[in-house]
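# Descriptive structure summary
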Amino acid sequence: MKKLYESYKSKFVAAKEIAQKYGLPVEKLDEAIAEISDFHLTVPVVGAFSTGKSSLINAVLGQEILATDITAETAVPAEICYGDNCITYFRNDKGFSYTGSVEDFNTQKLSFKEFSHVQVTLDNEFLSQIPSVKIVDMPGFDSGYEVHDTAIKDYLPKSLAYVIAAAEDDGTLHDSVLRFLDDLKISNMPVYLVITKADDKDSIDDVKNELKKLMSTRMGLDDIKVAVTEASTDEVDEFKAILLELQNDSDAIFEKHYTAKLNEQLQLIHTYLLQQLKAKNMEPEKLEEERKYFENKINEIQNSLEKEKADFHSQAESCIADIQQKVENELKGKKTSLVNMLAQGSDISNRINNIVRNTISTEINENFGAKLKRYTDNVTQMMQIDTSFDNVDLSLLSKEDIEENESIKKSLKEAITPLTTTILGSLGGMLSSGGLAALLGGSAATAGTAAATGVAAAASGAGAGAALGPIGIICGAAIGVIAGQILNKGMKSKEYAQKREAAEQKVNQIIDEVCDKVKHQIREKINSMINAVDDQIEASMSEQVAVQRKALDDLQARISSSAQEREKNEAMIRNDLEIVNSMIKNKEFENV
């Protein structure tokens, strides 16, 4: 283990020992200790389906490790890092895993229904140059399977850098990828761009400039590093340079990440210990006053939070209605083209899926997303107990203790990740296309099967009766009905008008059914996001309150103890506080 990792691990262990000594929570400290023991800079490579991500990574490795002929059903995340040659397969059932050989890995067809991900460790020449980096070959966006978008979303909280892959022949970034960039912007981590399949020398500069412009507009990254790779020659030196840069930056990224995690826990310990120092000079009556002040303060904060929550929930209901209306307006605005497509026997399910998906994505990000950020900003400000020590009465402390406290407050403010960033970042892809897949009820591919049986369904009176099923099924039955009545080239205009009228009636019916379905599922999705935010706010508040109450209870016990016992406890507390303060200031510390 690197010396830096060992140093931080020892700090977390020291913090845990102090926390345990006073009966403070240690779960998050344990999690960090476990992470550091096997730390890698996790770097997912994401992009639309079939952008050449697996081929890109194979070229970097100089080995055909990853299968490149996968289908949407056989795509699972593959984590790749330096180590002994081994594959570990992680099944979906209760985290069960087993190991296998590297040699035949690229011939296996792994179903996402069976496996959550695989870990590949390779004794590889290039990987030996980036031992701290873990590359993750992710399934592609727009594969048609919600589980893939969910997998990409789930990697956000445990990733520390991202590589966005875009094929040169696409010339741009897919909408799903652009929406995902909004999540990355919130998470505030390094992002790189790789152009794959760049074999057309004449157009590469235009594509590169267009992609850089998109990244600048979407993420504010004016100087994003772009690597151009060629499929025909396996030329990937520019991408290798990015990975080597990440290796060089890995210590700084590690330090920033774990300093924030450590200081979040040290803040709790520091506040607790500072309270205990008052035992020497505090009278029982003064303690009761402080306890009453604290409880009143908590009640004020909780009442303010409840009011803010009620206001935000009301705004969310308004957003839901606005989004529903926007979807309806967009569908009705495209009605003529949908009618023409259906009258000609075309599958309109994909078109409707795209209209609904894009409208919801835009509205959630621009309308609801903005309100969500304001809400988290507001509650963070309200939760003063979460961000300051103002509730600690400093009048009973020495001048030196007060001055040290001010210095510590400044250090913590600079190092701790804001609660807003933590909350919005942990939502992952819920604000992106990944979180919206469920709104559409399944893959549009289901429309093909439904269309094939549309005539039979109509004959049996089913028509478009699968209204509450996936959008593809809603559309599929209608396609079958109209397709069964398609006119030959010699049809008369009157007959065509009748068929087009029938198509218009079906489209009207489909729009009504889709809007009804979307209305309920938009509410479900937004409420899910709200609940996730409220749960984190409640957890953060509860942790702070629990530590403060314990501090007051323990202070009461110390006040009631003998003078000799108080003097002994003060020496222990001062020693532990000195260790905590040294770690907060990122200095070397003793007695660990």
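Residues numbered from 1 in each chain as written. Predicted model: local features only at pLDDT ≥ 70, side-chain atom pairs only at ≥ 80, totals over all residues. Heavy atoms only, no water.

### What to know about the side chain of Glu543
Basically, it comes down to this: For the purposes of this entry, the term helix denotes a DSSP run of H or I that reaches at least four residues, the term strand denotes a run of E that reaches at least two, and both are numbered from the N terminus. Only protein chains enter the calculation, and the probe is 1.4 Å; a residue is then buried if its accessible area is under 20% of its type maximum, exposed if over 50%, and partly exposed in between. Any two residues having at least one pair of non-hydrogen atoms within 4.5 Å are treated as being in contact.
Checked against the element boundaries, Glu543 lands in helix 18 (residues 493–560). Its relative accessible area of 19% is what places Glu543 among the buried residues. Ignoring anything within four residues of it in the chain, the contact list for Glu543 reads Pro25, Lys28, Gln265 and Leu268.

### Description of the nonpolar core
Under the convention used in this document: Residues grouped as a nonpolar core are buried Ala, Val, Leu, Ile, Met, Phe, Trp, Tyr and Cys residues, joined through side-chain atoms within 4.5 Å.
Grouped together as the largest cluster of nonpolar side chains are 74 residues, with contacts concentrated most on Phe12, Phe105, Phe239, Leu243, Leu246, Ile269 and Leu273. At 14 residues, the largest contribution of residues to this core is made by helix 7 (residues 237–276). Residue contacts for Leu246: discarding those within four places in its chain leaves Leu41, Val43, Val133, Ala161, Tyr192 and Ile253. In this structure, Phe312, Ile323, Val327 and Ala503 belong to the second largest nonpolar core, which totals 47 residues.

### Remarks on the packing of helix 7 against helix 19 (residues 563–584)
Applied cut-off: Fitting a line to C-alpha atoms yields each axis, with helices limited to the stretch in contact; the angle taken between N-to-C directions then spans 0 to 180 degrees. Under this scheme an angle from 65 to 115 degrees is roughly perpendicular, one under 35 degrees roughly parallel, and one over 145 degrees roughly antiparallel; angles in between are oblique. Note on convention: the crossing is left-handed when the near helix lies turned anticlockwise from the far helix by less than a right angle, right-handed when the turn is clockwise.
Contact pair helix 7 / helix 19: the axes reach a minimum separation of 10 Å and the direction vectors enclose 150°. The pairing of helix 7 with helix 19 is recorded here as roughly antiparallel in orientation. Two packed elements cross with a definite hand, and for helix 7 against helix 19 that hand is left-handed. For the pair formed by helix 7 and helix 19, the contact residues are Asn263, Leu266, Ile269, His270, Leu273, Leu274 and Gln276 on the first element and Ile573, Asp576, Leu577, Val580, Asn581, Met583 and Ile584 on the second.

### Details of the pairing of strand 7 (residues 162–167)
To keep things clear, this is the line we draw: The pairing criterion for strands is at least two bridges between them, as found by DSSP. We call a crossover right-handed when, viewed with both strands directed away from the observer, the connection leading from the first strand over the helix to the second proceeds clockwise.
Across the six residues of strand 7, six count as buried, placing the element largely inside the fold. Both faces of strand 7 are covered, namely the face carrying Tyr162, Ile164 and Ala166 and the face carrying Val163, Ala165 and Ala167. Across two bridges, strand 1 (residues 41–46) lies against strand 7 in parallel orientation. What sits directly across from Val45, in strand 7, is Val163. Across six bridges, strand 7 lies against strand 8 (residues 191–196) in parallel orientation. Within strand 8, the position partnered with Tyr162 by the bridge is Val191. The parallel pair strand 7 and strand 8 is bridged by helix 5 (residues 175–187), and the resulting crossover is right-handed.

### Description of the environment of Phe105
Positionally, Phe105 belongs in the loop between strand 4 (97–100) and strand 5 (115–122). Classification of Phe105 as buried rests on a relative accessible area of 7%. Sequence separation between Phe105 and Val120 is 15 residues; the distance between their C-alpha atoms is 9.4 Å. Once residues within four sequence positions are removed from consideration, Phe105 is found in contact with Ile65, Leu66, Ile87, Tyr89, Leu110, Val118 and Val120.

### What about the confidence of the model for the chain?
Do not read the fine detail of predicted coordinates wherever pLDDT is low. Let me state the cut-off plainly: How sure the predictor is of each residue is captured by pLDDT, a score from 0 to 100.
Predicted confidence across the chain gives a mean pLDDT of 79, with 78% of residues reaching 70 or more. Across residues 386–392, where pLDDT falls below 50, the model places 23 contacts with residues more than four positions away in sequence or in other chains.

### Topic: the packing of aromatic side chains
Stated formally: Centres within 6.5 Å make a pair out of two Phe, Tyr or Trp rings, where for Trp the six-membered ring is used; the pair is then stacked when the planes are under 30 degrees apart, edge-to-face when over 60, and tilted otherwise. For a Lys NZ or an Arg CZ to count as sitting over a ring, it must be within 6 Å of the ring centre and within 35 degrees of the ring normal.
In this structure the tally under the stated criterion is 16 aromatic pairs. Both rings, one in Phe312 and one in Tyr375, keep their centres 4.3 Å apart while their planes meet at 5°; by these two values the pair is stacked. You can see Phe312 sitting in helix 8 (residues 284–333) and its partner Tyr375 sitting in helix 10 (residues 349–382), a full 63 residues away along the chain. Taking relative accessible area as the criterion, Phe312 reaches 2% and is therefore assigned buried. A network of ring pairs unites the aromatic residues Tyr5, Tyr8, Phe12, Phe39, Phe254 and Tyr258 as a single cluster. The ring centre of Tyr8 lies 4.8 Å from the NZ or CZ of Lys11, which sits over that ring.

### Comments concerning the packing of helix 1 (residues 3–21) against helix 2 (residues 27–37)
Here is the rule: Residue polarity is assigned by list, with Asp, Glu, Lys and Arg as charged and Ala, Val, Leu, Ile, Met, Phe, Trp, Tyr, Cys and Pro as nonpolar; anything else, Gly included, falls into the polar class.
It is at 9 Å that the axes of helix 1 and helix 2 come closest, and there the two elements cross at 160°. Classified by the angle between their axes, helix 1 and helix 2 sit roughly antiparallel to one another. Crossing angle aside, the handedness with which helix 1 passes helix 2 is left-handed. Between helix 1, through Tyr5, Tyr8, Lys9, Phe12, Val13, Ala15, Lys16 and Ala19, and helix 2, the contact on the second element is made entirely by Leu29, Asp30, Ala32, Ile33, Ile36 and Ser37. Grouping the constituent residues of the contact of helix 1 with helix 2 by class yields ten nonpolar, one polar and three charged.

### With respect to the sheet that holds strand 1
Read from one edge of the open sheet, nine strands run 4-3-5-2-6-1-7-8-9, paired in mixed fashion. Looking at strand neighbours, the two that pair on one side only are strand 4 and strand 9 (226–228), the edges of this open sheet. Each adjacent strand pair in this sheet contributes to an overall mean axis angle of 20°, direction not counted. Docked against the sheet, helix 7 engages strand 1, strand 6 (133–137), strand 7, strand 8 and strand 9, running at close to 165° with respect to strand 8.

### A look at the environment of Cys81
Structurally, Cys81 is set in strand 2 (residues 78–82). Residue Cys81 is classed as buried on the basis of its relative accessible area, which comes to 7%. Residues within four places of Cys81 in sequence aside, it is in contact with His40, Val120, Thr121, Leu122, Leu127, Val133 and Lys134.

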